[in-house]
Amino acid sequence: MSTSQPDASRPSQSRASDDRATPDDLLHARTGTEVSPEDLVLAAGQDVTPETLERARRKLAEEGPSAIDKLLP
């Protein structure tokens with residue numbers, strides 16, 4: 001029985017062109033919109049609580065919206 005998927009044990013010539021590194025400027029997820037404290041908390045993988053929101057507010061005040069770039073690819 002044949003399958004439409006290539007054999008994973010054999011290297012594929014077409015995959016070689018897909019194995020390039022993605023440029024850094026394409027990896028960042030921020031779209032230029034404002035970053036909220038909730039965004040920062042969720043990007044850090046934390047629950048939204050009064051304590052985590054306050055830490056996020058302080059971090060945003062210190063670092064600005066780029067603080068989220070340190071958490072997201």
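Residues numbered from 1 in each chain as written. Predicted model: local features only at pLDDT ≥ 70, side-chain atom pairs only at ≥ 80, totals over all residues. Heavy atoms only, no water.

Draft legend 1. Local environment of the overall build of the chain. Across its full length, the chain holds four helices and zero strands. Each helix (α) and strand (β) of the chain, taken in turn from the N terminus, gives the series α-α-α-α. Within the chain, buried positions represent 15% of all 73 residues. Restricting the contact set of the chain to residue pairs at least 6 apart, pairs at least 24 apart contribute 52%. Approximately 6,100 Å² of the chain is accessible, and the part contributed by carbon and sulfur atoms is 51%. (Helix = DSSP H or I, 4+ residues; strand = E, 2+ residues; numbered from the N terminus. Buried < 20%, exposed > 50% of the residue type's maximum accessible area, 1.4 Å probe, protein only. Contact = heavy atoms within 4.5 Å. Areas by Shrake-Rupley, 256 points an atom, 1.4 Å probe, with all protein chains shown as cover.)

Draft legend 2. Just the environment of Arg55, in detail. Following the sequence through the fold, Arg55 ends up in helix H4 (residues 50-63). Separated by 14 residues in the primary sequence, Arg55 and Val41 place their C-alpha atoms 8.6 Å from one another.

Draft legend 3. Region of the structure containing the pattern of salt bridges. If you walk through the whole model with that rule in mind, you get four salt bridges. Residues Arg58 and Glu54 are paired through a salt bridge, measuring 3.9 Å at the closest nitrogen-oxygen approach. Note that Arg58 and Glu54 are positioned in helix H4 at a spacing of four residues, about one turn of the helix. Since its relative accessible area comes to 43%, Arg58 is described here as partly exposed. According to the relative accessible area criterion, Glu54 is partly exposed, its value standing at 36%. (Salt bridge = Lys/Arg side-chain N within 4 Å of Asp/Glu carboxyl O.)

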